[in-house]
Amino acid sequence: MNHGLRLLSVIAVLTLVAVLAAVPHVVSSGFTLSLLNQIGIGVVFALSYNMLLGQSGLLSFGHAVYFGLGGFTALHVLHTITGGDLPLPVPLLPLVGGVMGLVCALALGWVSTRRAGTIFAMITLGVAELVAASSNIIQGYFGGEEGISGDRMSGPVLFGLTMGPQQDVYYVIVVWMLLSAGLMYLITETPLGRMANAVRDNPERAAFVGYNPRTIRFMMFALSGFFAGIAGGLFAINYEIITAEAVGINVSASVLMMAYIGGIGYFFGPVIGAVIYTLLSTVLSAYTEAWMFYFGVFFLIVVLYAPNGISGVLAAHTPVLRAHLMHRLMPAYATALLPTLVLLLGAILLVEINYHLSISGNYDSEMSILGVGFDAASWWPTLAGLAALVVGGALLWRTLPYVGLAWSEVRAELAGEAAP
Amino acid sequence: MNRHIRCTGILTALALVGAPTALTAAETVRLAYIDPLSGGFANVGNNGLAHLRFLADRLNEAEALPDGMTYEVVPFDNKVNASESLIALQRAIDQGIRIVVQGNGSSVAHALVDAISKHNRRNPGEEVIHLNYASIDPALTNESCSFWHFGFDAHVDIKVAAIAEHLANRPDVTDVYLINQDYSFGRAVAAAAEAFLPEARPDINIVGSDFHPLIKVKDFSPYVAKIQTAGTDAVVTGNWGNDMSLLIKAGREGGLEAEWFTFYVGLLGGVSAIGEAGVGKVKQISEWHANVPNAEMDEIVTSFKAQYPDFDWYYYRLGTMMDMLTQAINDTGSTDPEDIAFALEGMRVDTPIGEAWMRPEDHQLFQTLFLATLSNDVTHDVENSGIGFVTDERIELDDTILPTTCEMQRPS
Amino acid sequence: MDTAFFFLFNGIVYGLLLFMLSSGLTLIFSMMGVLNFAHASFYMLGAYFAYQISTHIGFWPALIFAPLIVGCLGAVIERYGLRTVHRHGHVAELLFTFGLALLIEEIVILIWGRNPMPYSVPSELDFALFEIAGNSYSAYKIFMMLVSISMLLFLYGIIARTRIGMIIQAALTHPETVDTLGHNVSRVFMLVFGVGTGLAGLAGVIGGNAFVTEPGMARALGTIVFVVIIVGGLGSLTGAFVASLLLGVIQTTAVAVDVSLADLVATVGITTSAADANDLMHKTLSQVAPILPYLFMVLMLISRPRGLFGTRDA
């Protein structure tokens, strides 16, 4: 069984590698490639964050510090490379970022990880604000409002990658992503990774076994800083510029939300979160100015009703699938689907109308949603939105119990199967 | 400008008649507008966007472009952040847009100049051109100049030189205080003032110079108290957006009696914030203001206000920019950025109030400038405040010309 | 000297405003163990509601109604949001208020747009009350001081004198005991959350027009308020008061001090090269000032997590 699983996962990884390697030959659109590059960076960053929140139970509000400082250092080193003083191939630059992330995490983590819980969260917030505010003062390093920029087409060429075209950057990001994700996965399998879980769940008991919880937290923090720095280095290569915002609270907030929405209880949860966040922030934001609003609502719903994130919801269905009981849930899901869609449509309509009217510069009240054009200032679209919201909400309220019922039946059956 | 639109319209019509009838599907000339549309400077960015859309609509209506081509403005939000701007640029390029219009934030302009020249070097045949209507760090058309960048507003040194010229005849002003935003543009204003003012009149004292962080200051009263204590006769500031309106509001509340020499008081919120207290005291140096007598501009001011009631016509230079772009496309019959760039070099156009010239050596536009003071006896007021500008001095194009250190690298 | 007084005055006005925010936050934190990330968002809502009300029926009714609406909203959010996530633990609560702060900002943009609101000081108070050495003291700032002081005296009165105040005080230190004594602690929570957010709303009403009413105003204040309650000592109103004034004064006066480390060194006879103005030695205090609060906060958390006046750890 175990052998089969291992073989299966090896095949899965190899397929993934093959697909990722083939992508640039299939897609030619620059947009898709830059989207994939962003996702790759996000994946490394979100996975590194989950080493803290998911695996060690440490809620950090300042993870961007290690990402940003890694990126800044990578660009400063890139300058040295461009100047001809350092024969380092640019594809290895993320390692520089990682080392910087590690060094900073070692220095700042020593004080931050003395406590867990709320105090840890507050210290990370304080450190983050401290670094962000310092960016105004240490302008030599942070480059002031202009930030630091560089030219990635310099230094010795590695594997024929000139780093000019997006494609080359894509390959570098993919390799670093796979490497980092693999390493981070291996860490969860080591005694350190296991002890981090123990410290998260019960620090006293972990201490009894002979491990100092603080040391475990510190080591996890430092490693997580290393991978965040790698992500920062990848960012530096991809955009060739970094500004003080990269160490700011917004970036820290987005990685927190990526990891949490994806699901912090599963190793690959943050990957889902990174993909969703990047898609929303690049694709959806091209269609609607309200994308951050939708994302905020989505985040709150996850916090309130699905604390294990999307991967938690998916994982809940795995035993059902395995027991071939999905058909028992489907009818209930199908009945709930229509009201949900109506509710969503109503909500989206109202939000979009409001945004359209409130953003100055949009003096044309004509707008369109899903290809249907209408006048946002007239009363009927608002009324339709409200009606859809109310009807959808009421129907959903009625149909949700069916879903609950179906689930309890399935659960009972699963328990019955497992019992004998 | 109307005259100009009409001219190009007629030219287009002639071209259409004379052209062989093999008309291809009409091309859309898309302009990526990369400016702040959210955050503390959102109002400034939205104002520029309204201007640009207004101009694009007019030019389309007048069929100013050849072959039935039309303009389309595609907005991208950059939050006045250099790295966000590059993400926006990447998005614009991914969508196939090759003309970038940007104005606010010299930090952004520097980042874009750098990124665009890298992009153009790496992707021959897919070049992008950068039309900058408001970032006026002198470095952009001096040491950091680029073939792909065109500056349509008079840069800091030109404006400060005009202020210095005015102060040379104002013996009542001796103690000058400088307060500016802490980034390349604000520093350039301070540096220019420190260089030009004592040169124009050796008895001028710079009694203080402050830099405050961009957007972050919510209460300027401590700065005002400092200005007050220094015994200031005149304040020189390049502040814009909320940094301008809050500064001037604090000045009024603190009872500051000094004169203000500003770049952007007429731009959103400044005039409303100072109100009657600013009459006769607050000045602005710009390429135009609404009370420069001119029938063509009066018509634009009125119809713009009718269409966008929240904003006043402010960016005269955007009109000049669009006219030049239109003429370049008409002259070359091409929308390729390289052709447009070569056509723009050295171009002269007649704007409603005078000639404008794009200097080929550094891609800096030279135009007539006005030093104006707030007055409550005006035809066109700002933001329905009853207060508007009256001209103190009109500085002709030839008197605004400063040398450049630009060493332009042109594509071969 | 007179200018120093002017700075002190401005600092105190700002400090009192901070205290109106931090007092509510302190109460909420010490009772429920929740650091309410969205606290400054209620400040923002107060400003926007006040603006909206004042365009219809004037500033004075807004002074009453806006905080009330904000307080009710806060109570509802506590009842239906915070209490729901409570069972998932403190991390979930923290994340909830964090998401809430984000959402409130977006909702404000959704309704009022991104531009600053023309919410201005009422004309009755828009004049200079007196003038010292050329610096005029605006009547509105004096009014702000009066409102915050009277509000705080009122609050102190309630906490010190009334029965509910006693329960709150007891719940601050011994929440379990109060619960076992049969008091409905969760209703007290709701009330405290409502009052705390209402107070933040009131601060928004009087701060929104003194400074600027725009969607970024919550973010600008958010972490500063945290600094105040952590430095002052969690659960200590006195601490929050002292820290608020301290931070208010530091933030406003630092602008005036043009002394750099290099200048200080120079007074003892060592001159450093003035070649690089970007060098840390040549940064004036006004430029270094923004990092001081956070530096203070981090040092305090590491060395003395109970803060200046706190009696227990967070």
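Residues numbered from 1 in each chain as written. Chains lettered and ligands numbered in written order. Predicted model: local features only at pLDDT ≥ 70, side-chain atom pairs only at ≥ 80, totals over all residues. Heavy atoms only, no water.

Visitor: What is the right way to look at the overall build of chain B in this model?
Guide: Secondary structure summary: chain B contains 12 helices and 15 strands in total. At 21 Å, chain B has a C-alpha radius of gyration in line with the 22 Å of a compact globule built from 412 residues. C-alpha extents for chain B along the principal axes are approximately 70 × 45 × 40 Å. Put simply, chain B has 412 residues, and 65% of those count as buried. Within chain B, contacts between residues separated by at least 24 positions form 72% of all contacts whose residues are at least 6 apart in sequence. Accessible surface, chain B: about 13500 Å² in total, of which carbon and sulfur atoms supply 50%. (Helix = DSSP H or I, 4+ residues; strand = E, 2+ residues; numbered from the N terminus. Rg over C-alpha atoms; globule rule 2.2 N^0.38 Å. Buried < 20%, exposed > 50% of the residue type's maximum accessible area, 1.4 Å probe, protein only. Contact = heavy atoms within 4.5 Å. Areas by Shrake-Rupley, 256 points an atom, 1.4 Å probe, with all protein chains shown as cover.)

Visitor: Can you help me understand the interface of chain A and chain B in this one?
Guide: It is common to give the size of an interface as the accessible area lost on bringing the parts into contact. With 25 residues of chain A at the contact, the number on the chain B side is 29 residues. For the pairing of chain A and chain B, the buried interface totals around 2300 Å² over both sides, and the portion due to carbon and sulfur atoms is 49%. The tally of links from chain A across to chain B stands at four salt bridges. The closest approach of N and O atoms between A:Asp151 and B:Arg122, which form a salt bridge, is 2.7 Å. Linking chain A with chain B are eight residue pairs in polar contact (both at pLDDT 80 or more), by the criterion used here. Listing elements by their share of the side of chain A that touches chain B, those giving two or more residues are helix H2 (30-56) and helix H12 (269-287) of chain A. A per-element tally of the side of chain A that touches chain B places H2(A) first, with three residues. The residue inventory of the side of chain A that touches chain B, partitioned by class, reads five nonpolar, 14 polar and six charged. (Buried area = accessible area lost by both parts, 1.4 Å probe. Salt bridge = Lys/Arg side-chain N within 4 Å of Asp/Glu carboxyl O. Polar contact = N/O pair within 3.5 Å; in protein donor to acceptor, adjacent residues only side chain to side chain. Nonpolar A, V, L, I, M, F, W, Y, C, P; charged D, E, K, R; others polar.)

Visitor: Please clarify how unusual backbone geometry should be interpreted in this entry.
Guide: If a residue is not glycine, its phi is most likely negative; likewise, a peptide bond is most likely trans. All names here are of chain B. Phi is positive for Asp67, close to 55°, though the residue is something other than glycine. On the secondary structure map, Asp67 appears in the loop between helix H2 (42-61) and strand S2 (70-77). Accessibility expressed as a relative area gives 38% for Asp67, which makes it partly exposed.

Visitor: Help me out: how do you make sense of the interface of chain A and chain C in this one?
Guide: Across the boundary between the two partners, chain A contributes 43 residues, which contact 47 residues of chain C. Taken together, both faces of the contact between chain A and chain C bury some 4000 Å²; the carbon and sulfur share is 77%. Three residues stand out in chain A for area buried against chain C, namely A:Met122, A:Ile137 and A:Leu304, and they jointly supply 16% of the buried area on that side. Remark: the boundary between chain A and chain C carries zero salt bridges. Here chain A is connected to chain C by two residue pairs in polar contact (both at pLDDT 80 or more). When residues in the side of chain A that touches chain C are grouped by element, the largest group, 12 residues, is from helix H5 (residues 117-134) of chain A. By residue class, the composition of the side of chain A that touches chain C is 29 nonpolar, 10 polar and four charged.

Visitor: I'm lost on the confidence of the model for chain C in this one. Help?
Guide: Residue and element names in this part refer to chain C. When pLDDT is averaged along chain C, the result is 81; 87% of the residues meet or exceed 70. Within chain C, the lowest mean pLDDT, 64, falls on helix H11 (residues 261-267), and the highest, 93, falls on helix H2 (residues 39-57). Here residues 274-278 is a poorly scored stretch, pLDDT under 50, and it has seven contacts once near neighbours within four places are set aside; other chains count. Model confidence for the complex: the whole-complex pTM is 0.86, and ipTM, which rates the interface, is 0.84. (pLDDT = per-residue confidence, 0-100.)

Visitor: Can you walk me through the packing of aromatic side chains in this structure?
Guide: For any pair of aromatic rings, the description consists of the separation of the ring centres together with the inter-plane angle of the planes. Evaluated as defined, the whole model comprises 50 aromatic pairs over all chains. Ring geometry for B:Trp288 versus B:Tyr316: centroids 5.8 Å apart, planes at 15°, classification stacked. You can see B:Trp288 sitting in the loop between strand S10 (282-286) and helix H10 (295-307) and its partner B:Tyr316 sitting in helix H11 (residues 316-332), a full 28 residues away along the chain. Grouping residues by exposure puts B:Trp288 and B:Tyr316 together as buried. What links up through ring pairs into an aromatic cluster is the set A:Phe45, A:Phe67, A:Phe235 and A:Tyr239. Lying over the aromatic face of A:Trp110, A:Arg214 brings its terminal NZ or CZ to 4.4 Å of the ring centre. Looking at C:Arg79, its charged tip hangs above the ring of C:Tyr80, at a distance of 5.0 Å from the centre. (Phe/Tyr/Trp six-rings, centres within 6.5 Å; stacked < 30°, edge-to-face > 60°. Lys NZ or Arg CZ within 6 Å of the ring centre and 35° of its normal.)

Visitor: Help me understand the nonpolar core, please; the structure alone is not making it clear to me.
Guide: For soluble globular proteins, the rule of thumb is that nonpolar side chains tend to be buried together. Membership of the largest hydrophobic core comes to 337 residues, with the highest contact counts inside it found for B:Tyr71, B:Leu131 and B:Phe263. Among the elements that make up this core, the one with the highest residue count is helix H1 (residues 2-32) of chain C (17 residues). When sequence neighbours within four positions are dropped, the list of residues in contact with B:Tyr71 reads B:Thr28, B:Val29, B:Leu31, B:Ala56, B:Leu59, B:Asn60, B:Leu65, B:Met322, B:Leu325, B:Thr326 and B:Ile329. By size, the runner-up hydrophobic cluster in this structure holds 28 residues, among which are B:Tyr177, B:Val217, B:Leu256 and B:Val382. (Core = buried A, V, L, I, M, F, W, Y, C linked by side-chain atoms within 4.5 Å.)

Visitor: Can you walk me through the pairing of strand S3 (residues 99-102) of chain B in this structure?
Guide: It is a general feature of regular strands that their side chains alternate between the two faces of the sheet. Residue and element names in this part refer to chain B. Burial along S3 is two-sided: the face carrying Ile99 and Val101 and the face carrying Val100 and Gln102 are both buried. Two elements, strand S1 (residues 28-35) and S3, share three bridges in a ladder whose sense is parallel. Of the residues in S3, the one forming a bridge with Ala32 is Val100. The parallel pair S3 and strand S4 (residues 129-132), bridged by helix H4 (residues 106-122), forms a crossover whose chirality is right-handed. (Pairing = 2+ DSSP bridges. Right-handed = clockwise from strand over helix to strand, strands pointing away.)

Visitor: What exactly am I supposed to notice about the domain arrangement of chain B here?
Guide: All names here are of chain B. Domain annotation for chain B reports domain 1 (2-154 + 293-366) and domain 2 (157-286 + 368-400). Spacing between the C-alpha centres of domain 1 and domain 2 amounts to 28 Å. The interface of domain 1 with domain 2 comprises 32 residues on the first partner and 31 residues on the second. Between domain 1 and domain 2 lies a buried interface of about 2500 Å² when both sides are counted; carbon and sulfur atoms form 66% of it. For the domain 1 face of the interface with domain 2, the top three residues by lost area are Phe41, Tyr314 and Phe366, together amounting to 25%. Applying the counting rule to domain 1 against domain 2 returns one salt bridge. The shortest N-O distance in the salt bridge between Asp153 and Lys159 comes to 3.1 Å. Here domain 1 is connected to domain 2 by five residue pairs in polar contact (both at pLDDT 80 or more). Among the elements of the structure, H2, H4, H10, strand S12 (354-359) and strand S13 (364-366) are those that each provide at least two residues to the side of domain 1 that touches domain 2. (Domains from an automatic or database assignment.)

Visitor: Please explain the side chain of B:His289 as it appears in this structure.
Guide: All names here are of chain B. You can see His289 is positioned in the loop between S10 and H10. For His289, a relative accessible area of 4% gives the class buried. Only 2.7 Å separates the side chain of His289 from the side chain of Thr391, close enough to count as a polar contact. Discounting chain neighbours no more than four positions away, the residues touching His289 are Phe370, Ala372, Phe389, Val390 and Thr391.

Visitor: Quick question: what am I supposed to make of the state of the cysteines here?
Guide: Each disulfide consists of one covalent bond between the sulfur atoms belonging to two cysteines. All names here are of chain B. Under the criterion given, the structure shown has one disulfide over all chains. The disulfide partner of Cys145 is Cys406, and the gap between their sulfur atoms is 2.0 Å. Negative torsions about the S-S bond denote left-handed disulfides, and the value of about 80° found for Cys145 with Cys406 makes this one right-handed. Of this pair, Cys145 sits in the loop between S4 and strand S5 (149-151) while Cys406 sits in the segment after strand S15 (388-395), and the two are 261 residues apart along the sequence. The residues Cys145 and Cys406 share a single accessibility class, namely buried. (Disulfide = S-S within 2.5 Å.)

Visitor: I'm lost on H2(A) in this one. Help?
Guide: Residue and element names in this part refer to chain A. Taking 1.5 Å per residue, 27 residues should reach 39 Å; H2 reaches 38 Å between its end C-alpha atoms and fits that length. Bending of H2 peaks at approximately 40° at the position of Asn50. Among the 27 residues in H2, 23 count as buried, and that is most of the element. Directly beyond the C-terminal end of H2, a positive phi value near 70° is found at Gly57. (Expected span 1.5 Å × (residues − 1). Bend = angle between axes of the 7 residues up to and from the residue.)

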